[in-house]
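Breakdown of the fold
Residue strings, one per chain:
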Amino acid sequence: MPRVSDEHLERRRQQILDAARVCFVRKGFHQTSMQDVFTESGLSAGAVYRYFKSKDDLVMALATTAAGDVRARMLEFIEHDPLPTPAELIAHMTDWIYTQSGPEGRIRLAPQAWSLALTDAQAAIPVRNTMTGIRAMWREYAVRMHDAGWLPADSDLDAVAAALFGLLPGFVLQHLLMGDLDSDQYIRGVDTLFPYGDRRYPAPSPAETADAAPA
């Protein structure tokens, strides 16, 4: 028998993940059954179980994929020169969030995943890893802000990263749950709070720059 190509296997895996995402968005994690995923994907139980042994496996895979996308888009932008301001970075990310938050958009899974992580220790693992990775991206951005003179030389960059981290979940929750948030308004608020493009602190010394770098 001819070997199944890696490309075919990846397409089939993505087909299952797309079906699971649609089901989770429509019905929620708890209300979705594996039978729902079989039906949505058009595949047999055996075909699905070849790739994913349980609903938890699907949740983990979706969370991991979403994390990779968010981190890739953040990394792409925070490495720009000149350094984007927080408002510019948030504008870049909210534009992407809008494209992913339609009726079956995967950003709609985020609040469900956060809630599930509070009660399901297994599901909490990929969610926590996702959050940790994204906070690390904000830490990298904070280092660049520090080096650009946008932050005081003695800034606690872990604290800065933790505070900035809340900006994206805050937008997602207001956008999805309240429905009355205009992204331009949100960006104006961020720009008012963090006007770093127009502010300069004394440049850090080489020793301070070394101390600010991640271990």
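A short tour of the structure in this document, coming up. (Residues numbered from 1 in each chain as written. Predicted model: local features only at pLDDT ≥ 70, side-chain atom pairs only at ≥ 80, totals over all residues. Heavy atoms only, no water.)

1. Brief notes about the overall build of the chain
As a reminder of what qualifies: Numbering of helices and strands runs from the N terminus, with a helix taken as a DSSP run of H or I at least four residues long and a strand as a DSSP run of E at least two residues long. When a residue's accessible area, from a 1.4 Å probe over protein chains only, is under 20% of the maximum for its type it is buried; when over 50% it is exposed; and in between it is partly exposed. Any pair of residues with heavy atoms lying within 4.5 Å of one another is described as a contacting pair. Per-residue and other accessible areas follow the Shrake-Rupley method at a 1.4 Å probe size, with only the shown protein chains counted as cover for residues.
Of regular secondary structure, the chain possesses eleven helices and zero strands. Secondary structure elements of the chain, listed N to C terminal, follow the sequence α-α-α-α-α-α-α-α-α-α-α. Expressed as a percentage of its 215 residues, the buried residues of the chain come to 43%. Long-range contacts, defined here as pairs at least 24 residues apart, represent 67% of the contacts in the chain between residues at least 6 apart. Summed over all atoms, the accessible surface of the chain reaches about 11700 Å², with 54% contributed by carbon and sulfur.

2. Re the pattern of salt bridges
Applied cut-off: A side-chain nitrogen of Lys or Arg and a carboxyl oxygen of Asp or Glu constitute a salt bridge if their distance falls within 4 Å.
Scanning the entire structure with this criterion turns up six salt bridges. The partner of arginine 26 in a salt bridge is glutamate 104, with the nearest N and O atoms 3.1 Å apart. A residue pair is termed long-range when its members are at least 10 positions apart, and arginine 26 in helix H1 (residues 6-27) and glutamate 104 in the loop between helix H5 (86-99) and helix H6 (109-119) qualify at 78 residues. By relative accessible area, glutamate 104 is classed as partly exposed at 33%. A salt bridge links aspartate 36 to lysine 27; the shortest N-O distance between them is 2.9 Å. Look at lysine 27 and you get partly exposed, because its relative accessible area is 42%. Each of Arg26, Glu40 and Glu104 takes part in salt bridges that share partners, so that together they form one network.

3. Points about H1
Using the following cut-off: A helix's residues, less one, multiplied by 1.5 Å, set its expected span.
The end-to-end C-alpha distance of H1, which contains 22 residues, comes to 32 Å, matching closely the 32 Å that a straight helix rising 1.5 Å per residue would cover. Taken together, the buried positions of H1 are Ile16, Leu17, Ala19, Ala20, Arg21, Val22, Cys23, Phe24 and Val25. Contacts from the buried residues of H1 go to helix H2 (34-41), helix H3 (45-51), helix H4 (55-78) and H6. Glycine 28 sits one or two residues past H1 and shows a positive phi near 90°.

4. Overview of the packing of aromatic side chains
We apply this condition: We call Phe, Tyr and Trp rings a pair once their centres come within 6.5 Å, taking the six-membered ring for Trp, and we label the pair stacked below 30 degrees between planes, edge-to-face above 60, and tilted otherwise.
The full count for this structure, using the stated rule, is five aromatic pairs. Taking 5.5 Å as the distance between ring centres and 75° as the angle between the ring planes, the aromatic pair formed by phenylalanine 38 and tyrosine 49 counts as edge-to-face. Of the two residues, phenylalanine 38 sits in helix H2 while tyrosine 49 sits in helix H3, which places them eleven residues apart along the sequence. Between tryptophan 138 and tyrosine 141, the aromatic rings sit 5.9 Å apart at their centres with planes inclined by 75°, giving edge-to-face as the arrangement. Separated by three residues within a single helix, tryptophan 138 and tyrosine 141 lie in helix H7 (residues 121-147), roughly one turn from each other. This pair shows no difference in class: tryptophan 138 is buried, exactly as tyrosine 141 is. Three or more aromatic residues link up through ring pairs in this structure, and these residues are Tyr98, Phe171 and Tyr186.

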